[in-house]
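Observations on the model geometry
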Amino acid sequence: MYSLLIVDDERWVRQGLRSTIDWEAEGIEVLGEAEDGEEALQLIQTLTPDIIITDIKMPRMDGLAFIETVKNRNLPSKIIIISGYSDFDSAQKALRYGASDYVLKPIEETQMLDIVRKCISQIKRENEDHRELIRMSERMRESLPLARQRYFETLLMNESASNQYLRSLWDQLNIHLDSSRLKVICVKVYDWGPHSYNPKEHYLLRYAIGNIAKGIEYAGGKTITCPLDHLEDTDLVILQSPFYEGNCWSEQDMESLIEVCRRYLRIGINIGISRMSESAHLHASFQEAVHAGAYAFYDGYGKVYEAERLEQPQSLQVLEYTGPNGWDNRFVHVVKLGDDAVLIELIDELIAHLQMSRQKYPPHQLRNGLAALLYEIEKKLESSYPFKQYSSSKRFVLPYCTLSELKDELLTVVRQYQQVHNTWGNRTRSIELAIKYLEMHCTEAITMNRVAEHLFLNPSYFSKIFHEKTGETFSKYLIRLRMEKAKNLLKVSTLKIYEVAEQVGYQDFRHFGKLFKDHEGMTPAQYRDLGVL
C-alpha cells in the first residue's frame, strides 16, 4: 500500500478528495488531513506519506513554504499542487521547488487520478533505482565508469536525487564536480546525416560528441559527459561545474561544439542549457535544459538555447496539445481522398492553430502534442488498410524543423504516405508500374526487393500480387524479359555471346547460356546460327 496526506484549509475540499476517489482500489491509504502546512509538518514527523496533495493558498504556512520545507528535509514524498488559474506564478514556483505536478480548480477526479498514478509509477521506478544503486554500490569498484553512468542516469531521470543515500554516492563514485553548483547541458542530434539509417552508429556518435565536448578548452571548471541512447529528447548530457560564478562555457564554446560535429561527424546537433542548480535538483535541471533546447521548434535547430534567457508562455496549460477541434478526422478523410487543395487548407489551419498556441504552450509540450496527433492519424489510416500490406518505411513522423518550415515538411510526409496508400489501393496500377520499372532496369542487377521498395510495398505482398496479375513469379518474368531482349540482340547485332549476356544483366555468360537454353531449347550460338525469327 502507498500512503497519502491531504492538505487544504477548506474542509469540503479535503472531504471531497477523501470520499470521491476509491483510494483503496488504487492501493493507497489516506494517512490523514491537515488544514495548513504547519499542521501537515507535525503529521509527517512520525509517518512520511508517499504522496501529498496540498493547496497553495493556506493560512499560517502556505503551500510554497510547506513544499520548500519538505524538500529541505530531504523527504521523498511526491507533492501534487492544487492551484487556481490566478495562482500561475505560485504554481510555477511550486514546480521549481520540487512539486511533481499540479491540478487546477475545480478538481476533476479523472485528472487527479491520472496524476496520482503517475506519481505511483515514479515511486516504483525510484524504488527499483534505489535497489539497483545498492547493487551498483557493491560492485562499483569493479566497474566505476559504468556505475557513474548509471548513477547520473538515475539522477537525471527522476527525483530521487533528494534521497540522502543517492547523494552519499557522489563522493563514493569519485565525482569531482561541485554538487552545489551544476549546470545541465542537453545535446540533441536532430540530423544524423549519412548515419540516419544505422542506429548502431548512433551509439558510437554519442560518445564521439562527448569526447569532442571534453576536448573543448575549459579552464573555469570541470565537466562530465553522459551519453543517453534511449531518450527521444536528448542524446548526450554534459554536467558542468564552474569554479566561480560566470565561468561556465560561453555561447561561443557551445557553437564550436555544434560546428565541429557538423564538420567532422557530419551530424546536426542542438543544445539546451539549464540554470545553475545543485545535485538534489538535477532532475528538474535536466527537464529545464530539455525544454530550453525545444525552443528550436520556434527559432531554428543547430543553435544554443539557455533557459535563463528564454521567455515563458503567458499561461499554464494542463492538457496536452491536441490540435484544432475535429481536425484529425477531417485530415484522415482528406488524405484518403487525395484532394490536394483541401489538404493544403487543413495544413494551413493546423499551422495557424499552432501559432496561436505559442502563447499557451511551451515548445516542448506543443511539439510533443503535434507528434502524438500525427501518430493518432497514422493509426486511424492504418486501421482502414489490410494488416501489413504496405511498406512501413513511410510514416507520419514529425521531422525536426521549425514551425515556419512545418507546412512544406508536413506536405512531403503526407504525399509520401499517400503514394503508399494509392499504390496499395490499385493492384493493377502497382503491377503496371512494376513492369515499366523492370523494362527500364532489367539489364541491371535488379532484385524483387528493389522493385518493391521503389513502389513502397512490402516485398511479400508485392510478390503475391505480381504472381496474381502476371501468372508468373517475379524471377521467371524477369528471366523471360531478359531472354526476349537477348534474342533481339542475337538477331540484329554482331555482339559476342558474353557481350549479349552483359547487355541483358548477366555478368556470368555461362549462367546466361544455361538460362537461354532452358528457356529456348537451344544455346545462344545455335539461335543466332539458325536465324530464328
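Everything here concerns the structure above.
Concerning a nonpolar patch on the surface
- A cluster of nonpolar residues, Tyr203, Leu204 and Tyr207, forms a patch on the protein surface that exposes about 310 Å² of accessible area.
- With respect to the helices, strands and loops of the structure, Leu204 is situated in helix α8 (residues 199-215).
- On the accessibility criterion, Leu204 (57% relative accessible area) is exposed.

As for the pairing of strand β3 (residues 51-55)
- The element β3 is extensively covered by neighbouring structure, given that 5 of its 5 residues are classed as buried.
- When strand β1 (residues 2-7) meets β3, the two strands line up parallel, connected through 4 bridges. Within the sheet, the bridge partner assigned to Leu5 lies in β3 and is Ile52.
- Bridge count for β3 against strand β4 (residues 78-83) is 5 bridges, and the pairing is parallel. Residue pairing in the sheet places Thr54 in a bridge with Ile81 of β4.
- Each parallel crossover has a hand, and the one from β3 via helix α3 (residues 63-72) to β4 is right-handed.

Observations regarding the sheet that holds strand β9 (residues 268-273)
- Strands sit in the order β7-β8-β6-β9-β10 across an open sheet of 5 strands; the sheet is mixed. For this open sheet the edge positions go to β7 (221-227) and β10 (304-306), each flanked by a neighbour on one side alone. Taking the axes of each pair of neighbouring strands and ignoring which way they run, one obtains an average angle of 20° across the sheet.
- Note: β7 against strand β8 (residues 236-242), 7 bridges, orientation antiparallel. In the strand pairing of β8, Ile224 is matched with Leu239.
- Docked against the sheet, helix α6 (residues 144-157) engages β7 and β8, running at close to 90° with respect to β7.
- Lying over the sheet, helix α9 (residues 251-265) contacts β6 (183-191), β8, β9 and β10, oriented at roughly 155° with respect to β9.

Overview of helix α14 (residues 363-382)
- Here α14 contains 20 residues, and its C-alpha end-to-end distance of 28 Å stays within 8% of the 28 Å for a straight helix at 1.5 Å per residue.
- Turning to α14, its buried residues are Pro363, His364, Gln365, Leu366, Arg367, Gly369, Leu370, Leu373, Leu374, Ile377, Glu378 and Leu381.

Points about the packing of aromatic side chains
- If you walk through the whole model with that rule in mind, you get 17 aromatic pairs.
- Between Tyr190 and Tyr301, the aromatic rings sit 5.3 Å apart at their centres with planes inclined by 40°, giving tilted as the arrangement. Highlighted residues: Tyr190 in strand β6 and Tyr301 in the loop between α11 (296-299) and β10, separated in sequence by 111 residues.
- Using a relative accessible area of 17% as the deciding quantity, one classes Tyr301 as buried.
- The ring of Tyr298 has Arg358 sitting right over it, with the charged end atom 4.0 Å from the ring centre.
- Against the face of Tyr506 rests Arg482, its NZ or CZ located 4.9 Å from the ring centre.

Quick word on the packing of helix α12 (residues 327-337) against α14
- Across the interface, α12 lies against α14 with an axial gap of 10 Å and an inter-helix angle of 50°. For the element pair α12 / α14, the angle class is oblique. Seen along the crossing, α12 lies across α14 with a hand that is right-handed. The residues of α14 that touch α12, namely those facing Trp327, Asp328, Asn329, Phe331, Val332, Val335 and Lys336, are Leu373, Ile377, Lys380 and Leu381.

Some points on α12
- Every buried residue of α12 is accounted for by Trp327, Asp328, Phe331, Val332, Val334 and Val335. For α12, the angular spread of buried residues about the axis comes to 165°, placing them on one side.
- Two residues or fewer after α12 comes Gly338, characterised by a positive phi angle close to 75°.

A short note on the sheet that holds strand β2 (residues 28-34)
- Ordered by their spatial adjacency, 5 strands build an open sheet running β2-β1-β3-β4-β5, and the pairing between neighbours is parallel. Every other strand in the sheet has two partners, leaving β2 and β5 (101-104) as the edge strands with one partner each. With strand direction ignored, the average angle separating the axes of adjacent strands in the sheet is 20°.
- Packed onto the sheet, helix α1 (residues 11-20) meets β1, β2, β3 and β4 and runs at close to 175° relative to β2.

Quick word on the nonpolar core
- Ranked by size, the top nonpolar core spans 38 residues in total, and within it Phe331, Ile377 and Phe396 carry the most contacts.
- Among the secondary structure elements, those contributing two or more residues to this core are α11, α12, α13 (340-357), α14 and α15 (406-425).
- If near-sequence neighbours (up to four positions away) are discounted, Phe396 is found in contact with Phe331, Leu374, Ile377, Glu378, Leu381, Val413, Val414 and Tyr417.

The rules behind these values
Residues numbered from 1 in each chain as written. Predicted model: local features only at pLDDT ≥ 70, side-chain atom pairs only at ≥ 80, totals over all residues. Heavy atoms only, no water. Patch = residues over 30% accessible without salt bridge, like charges linked within 9 Å, V, L, I, M, F, W, Y side chains within 5 Å. Areas by Shrake-Rupley, 256 points an atom, 1.4 Å probe, with all protein chains shown as cover. Salt bridge = Lys/Arg side-chain N within 4 Å of Asp/Glu carboxyl O. Helix = DSSP H or I, 4+ residues; strand = E, 2+ residues; numbered from the N terminus. Buried < 20%, exposed > 50% of the residue type's maximum accessible area, 1.4 Å probe, protein only. Pairing = 2+ DSSP bridges. Right-handed = clockwise from strand over helix to strand, strands pointing away. Axes fitted to C-alpha atoms, helices over the stretch in contact; angles between N-to-C directions. Contact = heavy atoms within 4.5 Å. Expected span 1.5 Å × (residues − 1). Phe/Tyr/Trp six-rings, centres within 6.5 Å; stacked < 30°, edge-to-face > 60°. Lys NZ or Arg CZ within 6 Å of the ring centre and 35° of its normal. Parallel < 35°, antiparallel > 145°, perpendicular 65-115°, else oblique. Left-handed = near helix turned anticlockwise from the far one by under 90°. Arc of directions from axis to C-beta. Core = buried A, V, L, I, M, F, W, Y, C linked by side-chain atoms within 4.5 Å.

As far as function goes, none of this settles anything; it's purely spatial.
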